[in-house]
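Commentary on secondary and tertiary structure
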Amino acid sequence: MKIILLGAPGAGKGTVAKLLTDFDGSVQISTGDILRAAVREGTELGKEAKAYMDRGDLVPDSLIMKIMEVRLQEPDCARGFILDGFPRTIAQAEALGSLLKKLDRKLDMVVNLEVPREVILDRLTTRRTCSNPSCQEIYNIKSMPPNPDGTCKKCGSKVVQRDDETETAILFRLETYNAKTAPLIGFYEKEGLLKNFTSLSSADTVEAVKKALKEG
Ligand code: AMP
């Protein structure tokens, strides 16, 4: 499959993307994960991106497009790709359109995950992440807590709140989403690619997406 996952931060794009990769071997491409890895590794890209990310702002389109031009041409994309967190602006969507044309590939669908704002706020403020870069297991202090001493159940490292998951950064990320990313819903609707999914359970959403893909 070749799809885009749209949705506010905390809508569950990452979880849905991971579950969808099992379907047909398509690869998940998360620009957020790529950027976080660059920050951890201290690369030039990471150094440029960090301040934007910490305050919940978008990294400039030019940096993102440089990453995606390379990433989409890697061999593991041959079977298909699930874009998670990209595009985030109309400029990125237009640049993606030109890139896909050049690569002679076509999107199957744009999946828009709709989740009520209260659910999103609750999910994001209670989310915690394993601090071990090679683990990164996600927890939720209410529904899926780490060990009682705040360590990861998988690797034993400390479980922490991400810099961009403080309340101030979360509110800014949601504002940024509404201002810059939500307009993509109309953009892809016009292209006839958009499908809306009310997404409270990731498993149900994945089944609905698979069904929609099969029906074409
Ligand atoms: P995410 O994990 O997708 O929520 O991304 C985390 C952060 O990475 C965002 O708040 C942005 O600062 C940055 N980021 C991720 N993807 C993009 C993108 N496509 N365009 C601009 N910034 C991005």
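Everything here concerns the structure above.
The notes below deal with the structure included here. (Residues numbered from 1 in each chain as written. Predicted model: local features only at pLDDT ≥ 70, side-chain atom pairs only at ≥ 80, totals over all residues. Heavy atoms only, no water.)

Brief notes about the pattern of salt bridges
- Under the definition given, this model contains 16 salt bridges.
- With its nearest N and O atoms 2.9 Å apart, the salt bridge here joins Asp33 to Arg36. Taken together, the residues Asp33 and Arg36, both in helix H2 (residues 31-41) and three residues apart, mark about one turn of the helix.
- Overall, the relative accessible area of 35% leaves Asp33 in the partly exposed class.
- For Asp57, the salt bridge is made with Arg55, and the minimal N-O distance between the two is 3.6 Å.
- Using a relative accessible area of 42% as the deciding quantity, one classes Arg55 as partly exposed.
- Shared partners join several salt bridges into a network, and the residues in it are Arg127, Arg162, Asp164, Glu165 and Arg173. (Salt bridge = Lys/Arg side-chain N within 4 Å of Asp/Glu carboxyl O. Helix = DSSP H or I, 4+ residues; strand = E, 2+ residues; numbered from the N terminus. Buried < 20%, exposed > 50% of the residue type's maximum accessible area, 1.4 Å probe, protein only.)

Digging into the environment of Lys153
- Along the polypeptide, Lys153 turns up in the loop between strand S6 (138-140) and strand S7 (159-160).
- Beyond its immediate chain neighbours, meaning those up to four positions away, Lys153 contacts Tyr139, Pro145, Pro146 and Asn147. (Contact = heavy atoms within 4.5 Å.)

Re the site of the ligand
- The environment of the ligand is formed by 16 residues, the closest being Thr31, Arg36, Asp57, Gly85 and Gln92.
- The contact in question runs from an oxygen atom of the ligand to an N or O atom on the side chain of Arg88, over 3.2 Å.
- For the ligand, whose unbound accessible area comes to 480 Å², protein coverage reaches 95%.
- No other element matches H2, which puts four residues into the shell around the ligand.
- Per-class residue counts for the shell around the ligand are six nonpolar, four polar and six charged. (Near = heavy atom within 4 Å. Polar contact = N/O pair within 3.5 Å; in protein donor to acceptor, adjacent residues only side chain to side chain. Areas by Shrake-Rupley, 256 points an atom, 1.4 Å probe, with all protein chains shown as cover. Nonpolar A, V, L, I, M, F, W, Y, C, P; charged D, E, K, R; others polar.)

A word on the side chain of Thr129
- Position of Thr129 relative to the elements: it lies in strand S5 (residues 127-130).
- Aside from chain neighbours lying at most four places away, what touches Thr129 is Gln136, Glu137, Ile138, Lys158, Val159, Val160, Arg162 and Glu165.

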